[in-house]
Amino acid sequence: MPLQPPSSRALPDGPLRTLVVELHHLYRQAGYPGVKKISGEIRDRDDLPDAVSHETVSKILQGEVLPRWSKLESLVRVLAGWSVDRPVPDEEAKRFQRLWHVAGGSPDDEAASRLPAQRTEPRPGPRPEPRPEREPAPAPGEHDLVVEWEDAHLSYADGVYHCSIRRALYNGIDEPITQFPIEICADRYPDDPELSNRHHHANPMTWDELRLSAACGDEPMNWRPYTDREALKEVWLLFENARGQFPLYPGQRTVIAYSWKVSDRQWGPWLQRNIRLPTRRLSVVVDFPEDVDPVVWGVRSSLWHRDVPLRTAIVRETPGDGRVTFSWSTDRTALQDRYRIEWRFRGEGT
């Protein structure tokens, strides 16, 4: 299961915690890969300065050690390469090098890491066969947490968006799952990041406005925030509530659902779904008042290509209740895919 940032009790506020929290943000954007997968990727690449065992990856992410720079650099470059935000690995390495220095990184370690072929953990055995660029979602039972289906629905009325997500989960790993990560990311002006940043600074999302709620089957889920920014909220949905705990044990299935509300002052004309876990099927529905005369389209992208049209058409329906719905689904997802539905309202002159 994904590693969570250490608690403030386990790792108090300070330079090391700042580094670890930023590393967890990169880890999340990379899709929460397993520590063995991270270690194997580092081991298989000749362009990285050091190998990192999966135990060491875990300790770094949990803030238990401040590694030598060569190990942290290897970890950062791999996560940056998998990140849905597509940061430049060289720039990420420079940023984390500054954080590492502030946290107490030794100049001697940094100098040693620049020496060629100084891999402190040797590569065991022969190199594996090249892996495909795109990783299809494995069948349940292949030692992963699998999303068997995800349904996303967003509706708009009276200047407010209401978004609800339902996921059917299968636990194929060898330990119980007690929490699940989600994010709520606003971007009022997606084509102008500088304008959007200024706008969200003046109009931040707040927890009270979001009115986040979640459930696992018939059980309400508690939740715990771990990122609270003006345009980004990240949350652990907990498999527990005031009445008790209900972990998802190995081999079990369940359905979780969560929803939130946000005004059109903060939310832009888009809904994006990121494939960070193996996902068998994805469906998206957006619905609007008919009198705003909506136009809807969609694109997909990944780490390997820029935005391209969706493979299949979005279906428009007018049920006769003054609303118009747009539906789309796919069963051809791959890890790190991103599916984005966008719209404009001709009835409002936009």
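Residues numbered from 1 in each chain as written. Predicted model: local features only at pLDDT ≥ 70, side-chain atom pairs only at ≥ 80, totals over all residues. Heavy atoms only, no water.

1. Comments concerning the overall build of the protein chain
Next, step 1: Of the regular secondary structure elements, the protein chain holds 8 helices and 17 strands.
Next, step 2: Across the 350 residues of the protein chain, 48% fall into the buried class.
Next, step 3: Contacts spanning at least 24 positions in sequence make up 72% of the contacts within the protein chain whose residues lie at least 6 apart.
Next, step 4: Summed over all atoms, the accessible surface of the protein chain reaches about 17,400 Å², with 49% contributed by carbon and sulfur. (Helix = DSSP H or I, 4+ residues; strand = E, 2+ residues; numbered from the N terminus. Buried < 20%, exposed > 50% of the residue type's maximum accessible area, 1.4 Å probe, protein only. Contact = heavy atoms within 4.5 Å. Areas by Shrake-Rupley, 256 points an atom, 1.4 Å probe, with all protein chains shown as cover.)

2. Quick word on the packing of helix H4 (residues 69–82) against helix H5 (residues 89–102)
Next, step 1: H5 packs onto H4 with a crossing angle of 140 degrees between their chain directions and a minimal axis gap of 9 Å. On the basis of the axis angle, H4 is oblique to H5. Pair H4 / H5 crosses with right-handed handedness. In contact with Trp69, Leu72, Glu73, Val76, Arg77 and Ala80 of H4, H5 contributes Pro89, Asp90, Glu92, Ala93, Phe96, Gln97 and Trp100.
Next, step 2: Within the contact of H4 with H5, the residues separate by chemical class into 8 nonpolar, 1 polar and 4 charged. (Axes fitted to C-alpha atoms, helices over the stretch in contact; angles between N-to-C directions. Parallel < 35°, antiparallel > 145°, perpendicular 65-115°, else oblique. Left-handed = near helix turned anticlockwise from the far one by under 90°. Nonpolar A, V, L, I, M, F, W, Y, C, P; charged D, E, K, R; others polar.)

3. A short note on the pattern of salt bridges
Next, step 1: All chains considered together, the criterion is met by 23 salt bridges.
Next, step 2: With a shortest N-O distance of 3.7 Å, Glu183 and Arg276 are connected by a salt bridge. Here Glu183, found in strand S3 (residues 179–185), pairs with Arg276, found in the loop between strand S11 (270–274) and strand S12 (282–289); they are 93 residues apart in sequence, far enough to count as distant.
Next, step 3: Its relative accessible area of 22% is what places Glu183 among the partly exposed residues.
Next, step 4: We classify Arg276 as buried; its relative accessible area is 15%.
Next, step 5: For Arg323, the salt bridge goes to Asp287, with nearest N and O atoms at 2.5 Å. Separated by 36 residues along the polypeptide, Arg323 in strand S16 (residues 323–330) and Asp287 in strand S12 bring together distant segments of the chain. (Salt bridge = Lys/Arg side-chain N within 4 Å of Asp/Glu carboxyl O.)

4. Side note on the confidence of the model for the protein chain
Next, step 1: This prediction gives the protein chain a mean pLDDT of 85; 87% of its residues lie at or above 70.
Next, step 2: Helix H6 (residues 107–113) is the least confidently modelled element of the protein chain, averaging 46 in pLDDT, while strand S4 (residues 213–216) averages 98, the highest of any element.
Next, step 3: Below pLDDT 50 for its whole length, residues 108–142 participates in 65 contacts with residues either more than four positions away or in separate chains. (pLDDT = per-residue confidence, 0-100.)

5. Here we look at helix H1 (residues 15–29)
Next, step 1: Under the 1.5 Å per step criterion, the end-to-end length of H1 is 22 Å for 15 residues, consistent within 8% with the ideal 21 Å.
Next, step 2: H1 sits mainly inside the fold: 11 of its 15 residues count as buried.
Next, step 3: Within the span of H1, buried status applies to Arg17, Leu19, Val20, Glu22, Leu23, His24, His25, Leu26, Tyr27, Arg28 and Gln29.
Next, step 4: The first or second residue beyond H1 is Gly31, which carries a positive phi of 90 degrees. (Expected span 1.5 Å × (residues − 1).)

6. Structural notes on the sheet that holds strand S15 (residues 315–317)
Next, step 1: Read from one edge of the open sheet, 8 strands run S5-S4-S10-S2-S1-S12-S16-S15, paired in mixed fashion. Of all strands in the sheet, those with a lone pairing partner are strand S5 (219–220) and S15, marking the two edges.
Next, step 2: With 6 bridges joining them, strand S1 (residues 145–157) and S12 adopt parallel strand pairing. Note that in S12 the partner of His153 across the bridge is Val285. (Pairing = 2+ DSSP bridges.)

7. Brief notes about the sheet that holds S11
In any sheet, the strands associate via hydrogen bonds between backbone groups, in a parallel or an antiparallel arrangement.
Next, step 1: Read from one edge to the other, the open sheet built from 4 strands follows the order S11-S17-S13-S14, with strand pairing classed as antiparallel. The open sheet has two edge strands, S11 and strand S14 (305–309), and neither has a second partner. Sheet twist, expressed as the average angle between the axes of neighbouring strands with direction ignored, equals 20 degrees.
Next, step 2: As paired elements, strand S13 (residues 294–302) and strand S17 (residues 338–345) share 8 bridges and run antiparallel to each other. Bridge pairing links Val299 to Arg340 in S17.

8. Focus on the packing of aromatic side chains
Next, step 1: Applying the stated rule across the entire model yields 16 aromatic pairs.
Next, step 2: When the centroid spacing of 5.3 Å and the interplanar angle of 35 degrees are considered together, the rings of Tyr156 and Phe345 count as tilted. With a gap of 189 residues between them, Tyr156 in strand S1 and Phe345 in strand S17 connect regions that are remote in the sequence.
Next, step 3: The exposure class assigned to Tyr156 is buried, which follows from its relative accessible area of 5%.
Next, step 4: Taken together through their ring pairs, the aromatic side chains of Tyr156, Tyr161, Phe288, Phe326, Trp343 and Phe345 make up a single cluster.
Next, step 5: Over the face of the ring belonging to Trp207 we find Lys233, whose NZ or CZ atom lies 5.3 Å from the ring centre. (Phe/Tyr/Trp six-rings, centres within 6.5 Å; stacked < 30°, edge-to-face > 60°. Lys NZ or Arg CZ within 6 Å of the ring centre and 35° of its normal.)

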